[in-house]
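Residues per chain are reported as follows:
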Amino acid sequence: MTWRGVHTACKSVRSSRGCAGHVNIMTLDVMLVIFLICTSFSRSDYSADFAGNEVAESECCYAANIPNISQFSLPVNMAFIIGAQKSGTTYLFDELVAKHPHIKARSKDGSSSFKFNSVKEPHLFNRMPLLWTHMMEYLKSYALAGSPQDRSLTFLDGTPDYMHIASSPCRLSKVFPDAKLIVVLRDPVQRALSQWNMIRTLSQKPPVKDFDLEVAGEIALLENHCCRLEESSDEEALEGDEAGLSDRSEPQQKSSKTLNPSARKRRNLSASHRRHLSTAWNDCFKCTFWCGNYTGPLRLSFKDIKPFKSRAPPNTCTQVFGPHAIVRRGFYAYQLEWWLHHFKPEQFLIIDHNELLDKSQTTLRRVVKFLGHDPELLQEPPEEVKKEIVLSHQPEKAAGKEWVLSTGGWSIPRNKSVDNQYAEAIHRLNEYYKPANERLRSLLNSVWPKSSGAQRDAAWRFLN
Ligand SMILES: Nc1ncnc2c1ncn2[C@@H]1O[C@H](COP(=O)(O)OS(=O)(=O)O)[C@@H](OP(=O)(O)O)[C@H]1O
């Protein structure tokens, strides 16, 4: 058999290993031989300890081990910047909590001190295990910043890892069903480069390989695990039909009769889109958690997950897709579709990174309005707060390298040679993301036309 033949056969074997809907016509003995060849040459160091029990989509939220919330005093207004990582989330978080008196970051010690980096990302809802004490600490840190029952306040959690980790919306929707969700999206290739550069520059652990190797390795893994994210969008879902709404949106929404025709069409489109949501994302990543240095599906059977108050079960996660998820984080459409299983479209505000960069103050006002606050109350923070923002981002503390403050968010400048050096990998990644970007464009147009339409000329360049 030629190399190409082996490769094709391997793809076929992979797709027969649990990828629904693919019939394999090979005989068992041939399959076995090819399977052995495939697993020996396609295995990478990341998949070495893959022994995970795959959690079905229907079981995902159960396995996420959601706390019993009746025992907690929860903030009335909670908002989340859920991602994407490296899209300007730090800038947005800092501006909101520094400039608006009613938007609050958590406080670790009750002081009004802005220790931005440490307060921005609590990493609670993606965590495995999620213990009762974690939840208590989380809520206490917000209560120290203001009364949870004060309806004039919004509390902000800016963990950009939430967006790509499947377990997060399960838990979040149970604890904060009315949460407001802010999503900043950036060209996934530029996002990947920014993340790679950060890990490299700050020598974050585990170390990152060269950009081209990281990209090639991760794409191979995705393919090897049947992540058929290259499928084109489901036209049926986008066309919409008049046949009813999904169960989440039905009770709270106005009757169709009271909506004008374009609002009705939009509602039906989004409902239809949600009813037909692709399960590709979760087919691939199962119920993914953040477990220390890496993310992965559960190693335990979901039935073995002990109640919320239990101690950490040992070796809970498997490490399948690599610690950094440089490629995976850029599949925004699939992530948002999974989030739409848990929240209504109107709970999201979707922002383009370029818009945040080019029209930062206008965008900031838009976010404040979305959170239900008065943009007129935005004001320059006192000098001591400004100083704290700068101190909290002291670059030399992190890596001994110089960070640059651009429009307020922090940038770790990338060596100019990087783009030339990795031109081929960048091109490959651009191509690889095309179907997913197309799917994102359709999703935005059908579910959030205001985010994606009006500002299209200035923003969303990566989708055009
Ligand atoms: N105003 C504004 N709008 C949009 N983007 C901005 C803004 N200010 C900074 N940046 C760029 O955001 C990148 C860092 O993103 P994050 O803060 O989300 O990073 S992190 O996830 O918290 O690590 C980082 O990108 P790179 O410079 O490419 O690394 C910043 O330059």
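Residues numbered from 1 in each chain as written. Predicted model: local features only at pLDDT ≥ 70, side-chain atom pairs only at ≥ 80, totals over all residues. Heavy atoms only, no water.

1. Quick word on unusual backbone geometry
Here is the rule we go by: Put simply, DSSP marks the helices as runs of H or I at least four residues long and the strands as runs of E at least two long, and each gets a number from the N terminus on.
For the peptide bond that leads from G83 to A84, omega is -10°, which places it in the cis range. Note that A84 resides in the loop between β1 (78-83) and α4 (89-99). Phi at K86 takes a positive value of approximately 70°, unusual for a residue other than glycine. In this structure, K86 sits in the loop between β1 and α4. Phi is positive for H123, close to 50°, though the residue is something other than glycine.

2. Observations regarding the pairing of β1
Going by this rule: The buried label goes to any residue with under 20% of its type's maximum accessible area, the exposed label to any with over 50%, and the partly exposed label to all in between, with areas taken from a 1.4 Å probe on protein chains only. Here, a strand pair is defined by DSSP locating no fewer than two bridges between the strands.
The element β1 is extensively covered by neighbouring structure, given that six of its six residues are classed as buried. Pairing of β1 with strand β3 (residues 154-157) involves three bridges; the strand directions are parallel. Paired with F80 across the bridge in β3 is D157. Inspection of the sheet shows β1 paired to strand β4 (residues 180-185) by four bridges, in the parallel sense. If you follow A79 over to β4, its bridge partner there is K180.

3. Some thoughts on helix α8 (residues 188-201)
For the record, the criterion: Each residue after the first adds 1.5 Å to the expected span of a helix. In this analysis, two residues are considered to be in contact whenever any of their non-hydrogen atoms come within 4.5 Å of each other.
Taking 1.5 Å of rise per residue, the 14 residues of α8 would be expected to cover 20 Å, and the 20 Å separating its terminal C-alpha atoms lies within 8% of that figure. Counting buried residues in α8 gives twelve out of 14 residues, a clear majority hidden from the surface. Residues P188, V189, R191, A192, L193, S194, Q195, W196, N197, M198, I199 and T201 constitute the buried set of α8. On its buried side, α8 packs onto α9 (211-224), α13 (332-339), α18 (417-421) and α19 (423-447).

4. So, the UniProt feature "binding site: 3'-phosphoadenylyl sulfate" (unreviewed entry) in the protein chain
What counts is decided by this rule: UniProt positions are given in the numbering used here, feature names are shortened, and annotations may be inferred rather than shown by experiment. Whenever a nitrogen or oxygen atom comes within 3.5 Å of another N or O atom, the pair is scored as a polar contact, on the condition that within protein one atom can donate a hydrogen and the other can accept it, and that pairs from neighbouring residues in sequence are kept only if both atoms are in side chains.
According to UniProt, the "binding site: 3'-phosphoadenylyl sulfate" (unreviewed entry) feature falls on R186 and S194. Contact partners of R186, with chain neighbours within four places excluded, come to K86, S87, R191, S194, Y332, H353 and F462. At 2.8 Å, the side chain of R186 forms a polar contact with the backbone oxygen of K86. Ignoring anything within four residues of it in the chain, the contact list for S194 reads K86, R186 and R414.

5. Let's talk about the sheet that holds strand β7 (residues 348-352)
For the record, the criterion: Geometry is summarised by axes, namely lines fitted to C-alpha atoms with helices restricted to the contacting stretch, and by angles between N-to-C directions that run from 0 to 180 degrees.
Pairing in this open sheet of five strands is parallel, and the strands run β2-β3-β1-β4-β7 from one edge to the other. The two strands at the open ends of the sheet, each matched to only one other strand, are β2 (103-104) and β7. Lying over the sheet, helix α15 (residues 360-370) contacts β2, β4 and β7, oriented at roughly 175° with respect to β7.

6. A look at the site of the ligand
Which entries qualify depends on this criterion: Residues are labelled near a given molecule or strand when at least one of their non-hydrogen atoms is within 4 Å of it. Here the Shrake-Rupley method, with its probe set to 1.4 Å, supplies the accessible areas, and only the displayed protein chains count as covering residues.
Taken together, 21 residues form the shell around the ligand, and within it T89, T90, R186, S194 and S411 come nearest. Measuring from an oxygen atom of the ligand, one finds a backbone N or O atom of S87 at 3.2 Å. Coverage of the ligand by the protein amounts to 91% of the 650 Å² it exposes when considered alone. Breaking the shell around the ligand down by element, the ones donating at least two residues are α4, α8, α14 (353-358) and β9 (410-411).

7. Quick word on α13
Taking burial as the measure, the eight residues of α13 include eight buried ones, the bulk of the element. Of all the positions in α13, only Y332, A333, Y334, Q335, L336, E337, W338 and W339 are classed as buried.

8. Topic: the pattern of salt bridges
Side chains that differ in sign of charge can pair as their charged atoms come close. Quick reminder of the rule: By definition here, a salt bridge exists when the distance from a side-chain nitrogen of Lys or Arg to a carboxyl oxygen of Asp or Glu is within 4 Å.
For the structure shown, the criterion picks out twelve salt bridges. R366 is the salt-bridge partner of E355, the closest N and O atoms lying 2.9 Å from each other. Within this pair, whereas E355 is found in helix α14, its partner R366 is found in helix α15, the two being separated by eleven residues in sequence. With relative accessibility at 8%, the residue E355 sits in the buried group. The salt bridge partner of K434 is E431, with a shortest N-O separation of 3.0 Å. Pair noted here: K434 and E431 are both in helix α19, with a separation of three residues, about one helical turn.

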